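Inside the fold
This is what each chain is made of:
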Amino acid sequence: MSATNSHINSLRGATWLQALIGAAAIRTDFPASIKVSDAQLNGQSVRYIAVIPDAENAFVRARTGEVGLVEGWQLARAVQEVIDADAADAANSVKTPIIAIVDVASQAYGRREEAYGIHQALAAAAGAYASARLAGHPVIALIVGKAMSGAFLAHGYQANRLIALDDAQVMVHAMGKESAARITLRSVESLEALAETIPPMAYDIRNFASLGLLWKSLQIADPDQPDLASVDLVKQTLHEALESIRSETVHDLSGRLGAPHRAASARVRELLAQQWNS
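Residues numbered from 1 in each chain as written. Predicted model: local features only at pLDDT ≥ 70, side-chain atom pairs only at ≥ 80, totals over all residues. Heavy atoms only, no water.

**Re unusual backbone geometry**
Basically, it comes down to this: Helix and strand definitions here come from DSSP, where helices need a minimum of 4 consecutive H or I residues and strands a minimum of 2 consecutive E residues; each element is numbered from the N-terminal end.
Notably, Asn 42 is not glycine yet its phi reads approximately 50°, a positive angle. Mapping Asn 42 onto the fold places it in the loop between strand 1 (34–41) and strand 2 (44–51).

What follows is the structure, encoded as structure tokens:
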């Protein structure tokens, strides 16, 4: 269930991180697969976090952009640092935004990962992002490549706003096509045909957007080599997302249930709430 050959060692996460932070420093006290930088966005201090491939990763299942044991715990650390720093600064009422740059092939699948508790590592990352959001930190996920499996749950899915590049290599799903085909006893071609009629089965970002989960999608001339105009567009959109988040009084994810394809999910939540509160 790892990345497909067409997207192994994608450099999009690193490319967009560098494009957005400019001359700002990248932290050197994180592992090579985790890039963290505190940079400026329209005069605001923002923490950017990306997961990138590391061919020398000690865990071989996490060498091509997967989120593994180390990545899960270090993502949690990167986010928790922001929460703790702002909590300690009582004079500053403006919470530091966190921007997750997402290009993650999958979670890392392996015996060592299972034995050493990858579920706990990824839960720590997801929990940290959720804690930051609930504490009032604007959290934005910028999806520039794949957002697959538990990797996306751990890195990005807990964001207040999801923004994605409208591009064929940008995909969101619970598992890769080959893995899904094996699980469902279908061919990849059959799976793709089924996805044309069932949006949640699809991989492309436009079908994902139809579920009401994206805040915005952006047309970029060349996502692999963004020019200045593309970077400016993304920065402006990130700024607009920050302003939108800060205008809200609640920090939950209920806004994702408004799309027509989520009507059943919204109804289930409504009935569960009625039963819970009765």
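Okay, back to it.
**Some remarks on the pattern of salt bridges**
Close approach of charged atoms allows side chains of opposite charge to pair. Convention followed: Should a side-chain nitrogen of Lys or Arg be within 4 Å of a carboxyl oxygen of Asp or Glu, the pair is scored as a salt bridge.
By the definition in use, this model includes 12 salt bridges. With a shortest N-O distance of 3.1 Å, Glu 81 and Arg 27 are connected by a salt bridge. Pair noted here: Glu 81 is in helix 2 (residues 69–88) and Arg 27 is in the loop between helix 1 (12–21) and strand 1, with a separation of 54 residues, a long-range link.

**Some remarks on empty space enclosed by the protein**
Put simply, the test is: Both cavities and pockets are sets of points on a 1 Å grid over the protein atoms alone; in a cavity a 1.4 Å probe fits but cannot get out, in a pocket the set is open with protein on both sides within 12 Å along at least five of seven lines, and lining residues sit with an atom within 4 Å of a point. Grid points are joined across faces, edges and corners, and a volume is the space filled by probe spheres set on the points. Under this grouping Gly is polar, as are all residues other than the nonpolar Ala, Val, Leu, Ile, Met, Phe, Trp, Tyr, Cys and Pro and the charged Asp, Glu, Lys and Arg.
Applying the stated criterion to the full structure yields 1 cavity of 30 Å³ or more. Taken as a whole, the largest cavity encloses approximately 60 Å³ of empty space. Lining the largest cavity are 10 residues, and of these Ser 10, Pro 53, Thr 64, Gly 65 and Asp 103 sit closest to its centre. Across the lining of the largest cavity, the residue classes tally to 4 nonpolar, 5 polar and 1 charged.

**Regarding the confidence of the model for the protein**
In plain terms, the rule: Looking at any residue, its pLDDT shows the predictor's confidence there, from 0 to 100. Only heavy atoms matter for contacts: two residues are in contact if any of them lie within 4.5 Å across the pair.
Overall, the prediction assigns the protein a mean pLDDT of 90, with 95% of residues at 70 or greater. A low-confidence stretch, residues 1–7 (pLDDT under 50), is modelled with 17 contacts involving residues beyond four sequence positions or located in other chains.

**A short note on the nonpolar core**
For clarity, the cut-off: The criterion is simple. A nonpolar core is a set of buried Ala, Val, Leu, Ile, Met, Phe, Trp, Tyr and Cys residues joined through side-chain atoms within 4.5 Å. Note on exposure labels: buried denotes an accessible area under 20% of the residue type's maximum, exposed denotes more than 50%, and partly exposed covers the range between, all computed with a 1.4 Å probe on protein chains only.
Within the largest apolar cluster, 69 residues are counted, with the highest numbers of intra-cluster contacts made by Tyr 48, Ile 143, Phe 208, Val 234 and Leu 238. Setting aside anything within four residues of it in sequence, one finds Leu 238 in contact with Leu 20, Leu 41, Tyr 48, Ile 99, Ile 140 and Ile 163. Met 148, Met 171, Ala 180 and Leu 191 belong to the second-largest nonpolar core, a separate cluster that totals 5 residues.

**As for the packing of helix 2 against helix 4 (residues 118–134)**
Note the threshold: Axes here refer to lines fitted to C-alpha atoms; in helices the fit is confined to the stretch in contact. Angles between the N-to-C directions go from 0 to 180 degrees. In these notes the angle categories are as follows: under 35 degrees is roughly parallel, over 145 is roughly antiparallel, 65 to 115 is roughly perpendicular, and the rest is oblique. A clockwise turn of the near helix away from the far one marks a right-handed crossing, whereas an anticlockwise turn of less than a right angle marks a left-handed crossing.
Between helix 2 and helix 4, the shortest axis-to-axis distance is 8 Å and the interhelical angle comes to 20°. Taken together, the axis directions place helix 2 and helix 4 in an arrangement best described as roughly parallel. Considering how the two elements wind past one another, helix 2 and helix 4 form a crossing that is left-handed. Contact residues: Leu 69, Gly 72, Trp 73, Leu 75, Ala 76, Val 79 and Ile 83 in helix 2; Ile 118, Gln 120, Ala 121, Leu 122, Ala 124, Ala 125, Ala 128, Tyr 129, Ser 131 and Ala 132 in helix 4. Partitioning the contact of helix 2 with helix 4 into residue classes produces 14 nonpolar, 3 polar and no charged.

**A short note on helix 2**
Formally: Every helix has an expected span of 1.5 Å times one less than the residues it contains.
The end-to-end C-alpha distance of helix 2 is 29 Å, a good match for the 28 Å that 20 residues give at a rise of 1.5 Å each. In this fold, the buried residues of helix 2 make contact with strand 1, strand 2, strand 3 (98–104), helix 3 (111–115), helix 4 and helix 5 (149–154).

**Topic: the packing of aromatic side chains**
The relation between two aromatic rings is expressed through the spacing of the ring centres and the mutual angle of the planes. We count it as follows: Aromatic contacts are taken between Phe, Tyr and Trp rings whose centres are within 6.5 Å, Trp giving its six-membered ring; a plane angle under 30 degrees counts as stacked, one over 60 as edge-to-face, and the others as tilted. We call a charge positioned above a ring when the Lys NZ or Arg CZ atom is no farther than 6 Å from the ring centre and deviates by at most 35 degrees from the ring normal.
Counted under the stated rule, the structure contains 1 aromatic pair. A centroid spacing of 5.3 Å and a plane angle of 70° characterise the contact between Phe 152 and Tyr 157, whose relative ring orientation is edge-to-face. The lysine or arginine in question, Arg 77, covers the ring of Phe 30, its NZ or CZ lying 3.9 Å from the ring centre. When the ring centre of Tyr 157 is taken as origin, the NZ or CZ atom of Arg 256, which lies over that ring, is 4.6 Å away.

**A closer look at the environment of Ile 163**
Here Ile 163 is to be found in strand 5 (residues 161–165). Along the backbone, Ile 163 and Asp 86 are 77 residues apart, and their C-alpha atoms lie at a distance of 25 Å. Excluding residues within four positions of it along the chain, Ile 163 makes contact with Ile 140, Ala 141, Leu 142, Ile 143, Leu 214, Trp 215, Lys 216, Leu 218, Thr 237, Leu 238 and Ala 241.

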